[in-house]
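# Observations on the three-dimensional arrangement
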Amino acid sequence: MKKKRIGIAVVCAVCAFLLVSPFFTTYFVLYDYHMEVSDYQYAKSEEEKPLSADTSVWFSYGDDGKEVFYGTDEGISEESLTVYALTQIGEISVTNGSKSPIQEDSLGHFIAALPMTELDIDGDGDTEQVYDYVRADFGMNSFNPAPQRFLSEEIPFELVFTERKYVMVYYENEILTDAEITVTSYNGETNTYRTNENGWIDGLSIRDIREGFTASYSPDGERVYRMQYALEDYSYFSVHFWKAQLPLLLVFALACIGIVAVQFIRNCLKRNKPEYKIYSRERVGIYPNTLHQKTTSKFLMIRWLCLFAGMFLWTYAGKLIHQGQLWNEIAIPVFSCPFNLDQVVEVPCYYLSHLPYLFSRYGEDFPVLNLIYALTFLGTLLLCFILLGRILCGFLCPAGLLQDLMDKLRRALHIRPIVVTDRINRFLQPIKWVWIVLFLGFIFTGGDFCDICPLKVFTTAQGGFWTNLYLGGFFAVVILISSFFIKRFWCIICPMGYLMGLFKRFNLFKLKKDCTACTECGACYDSCPMWIKSIYTKRDKENVQTVDCIMCGKCINKCPEDHALSMNFCGKTIYKSSRGTFMSKFSEKKEG
């Protein structure tokens, strides 16, 4: 009874900590390694003028991050260069000449402007009034889909990059539609485009945007506005990319220390138990071939391939195929981080915990487009909830892959797992509900779930973004340690997974049980990473899928009876248990 009271007290303390701490996340800094605009170095460029800069002034970036350079053509006085910046209080003119324009309240959006000059840029013998500008957007690790506009009378022609995919054109503070725009690409080639009804440069490739370009517009043939756009966008596996891995490496290092500490404590507590003496004879460590154990199940092999493919799509694919968010209105509900904006499709966790932002995504600029996006986003999200459900957890979620790899590492090291008994499972349920309340409750309280999300660090760092590791970094360490000892620990308390599981009745994928074939051996329960006991205790239901089932298929793989467990898709069996398959794991390999 005393141990039970202590356990309840610990669970209550953990839940109270989770509920209170999100409102003080800025004071729980695990590691502060991020892209503060004020940390950038601003200096004159020593490099040659880039081919994309068809202007007399340009911006460029250093190779190792946090460096922005400006350059001008010969004969242009730097004192004539005016730099405008977006700050927390609005647009301001910050400097003339070479003084640093970067200050504490800067948002990372700068425009440098030169006075009007008269040039014959089209070669017809007549001079035009040429206005040259250059825009730089750096520190783009924030999730802010709304267009960042200057709205300045001194800058009548403006390019605005939004969604890391579209370039909008403004003229005299109005969206410029159905206008001819001349673009000079990163390789120096010049092409003509038109803006569509939303003001986007229709047909401009993502690669042109990422690697820099110049857009020119003439409203009357006498005035010519030219703006070079320079986005801070580094290639993968660059110096900047490896620097961005430091927070992730710190999290893994702390997790390793925590795993060693937990294992040491376990050994101390169980040293006097008889079963420990038998277990202690086995040396802890990676034995030959333990990392290369193969499974005879093609289904499970497909699952592993899907998990790796999901990690690729949710981390790198958008940039590698030069398409950005190709289908960014489509929402796939896996717990990947939307702060990594190089994903191919959208992940809904941000908008589900910041629901008011969904309908003000573009603000007043696109009222109709915004509604279309919101409806498409919610429609595809609901379809995934209803039709697919938690099979996305078992087959696509990057967090699931990370946990499975931690479990593989534990097996390779021959370290015993922590068995989730009914008692431990009961203690975990209140923690799960606290995460769900926090995930959805911040909509009404104004808090930010992203500051405590333990998964934000992983896909952002892997994608090459620096990130603040506040309380979420601490929770990331806890999740890694727990997943090492407990299979799919995060999935047990994951709020997104629970929301998907609520629609299990309508899912196309079903877990079925033939109760007449089941012998209640408990193999399914022992292999289940979610510790679902009802899968073998229920004797009166054919459909044994629960809200926690991630449809990983491990129970079917471990079941020793023919057709006792099966997975169906639209009523057709795609994977079923087999006695022959089960026994083949213990048969000797044939020689020759």
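Residues numbered from 1 in each chain as written. Predicted model: local features only at pLDDT ≥ 70, side-chain atom pairs only at ≥ 80, totals over all residues. Heavy atoms only, no water.

### A few points about the pairing of strand β10 (residues 157-162)
Worth spelling out the cut-off: For every residue, the accessible area obtained with a 1.4 Å probe (protein chains only) is divided by the maximum for its type, and the residue is called buried under 20%, exposed over 50%, and partly exposed between those limits. Under the DSSP-based scheme used, a helix requires at least four consecutive residues in state H or I and a strand at least two consecutive residues in state E, with every element numbered from the N terminus. Any two strands between which DSSP finds at least two bridges are classified as paired.
Across the six residues of β10, six count as buried, placing the element largely inside the fold. Alternating residues of β10 divide into Phe 157, Leu 159 and Phe 161 and Glu 158, Val 160 and Thr 162, and every residue in both groups is buried. Direction of pairing for β10 relative to strand β11 (residues 166-171): antiparallel, over a ladder of six bridges. For Phe 157, the partnering residue across the bridge sits in β11 and is Tyr 171.

### Some remarks on the pattern of salt bridges
Rules: Every case where a carboxyl oxygen of Asp or Glu lies within 4 Å of a side-chain nitrogen of Lys or Arg is listed as a salt bridge.
Here the structure, examined in full by the defined rule, presents 19 salt bridges. Among the salt bridges present, the one from Arg 579 reaches Glu 561, with a minimum N-O distance of 2.7 Å. Here Arg 579, found in helix α21 (residues 579-584), pairs with Glu 561, found in the loop between α20 (554-558) and β22 (565-569); they are 18 residues apart in sequence, far enough to count as distant. The network of salt bridges with common partners includes Arg 135, Asp 137 and Glu 158.

### A closer look at the sheet that holds β10
Spatially, β10-β11-β12 is the arrangement adopted by the three strands of the open sheet, whose pairing is antiparallel. Two strands close off the open sheet at either side, each with one partner strand: β10 and β12 (174-175).

### Considering the sheet that holds strand β4 (residues 67-72)
Quick reminder of the rule: Convention adopted: a line fitted to C-alpha atoms gives each axis, helices being fitted over their contacting stretch, and angles between N-to-C directions are expressed from 0 to 180 degrees.
One open sheet holds the three strands; their spatial order is β2-β4-β3, and the pairing between them is mixed. Of all strands in the sheet, those bounded by a partner on one side alone are β2 (41-44) and β3 (57-61). Each strand of the sheet is rotated relative to its neighbour by a mean of 25°, with strand direction disregarded. Of the strand pairs in this sheet, β3 and β4 are connected by five bridges, and their pairing is antiparallel. If you follow Ser 60 over to β4, its bridge partner there is Phe 69.

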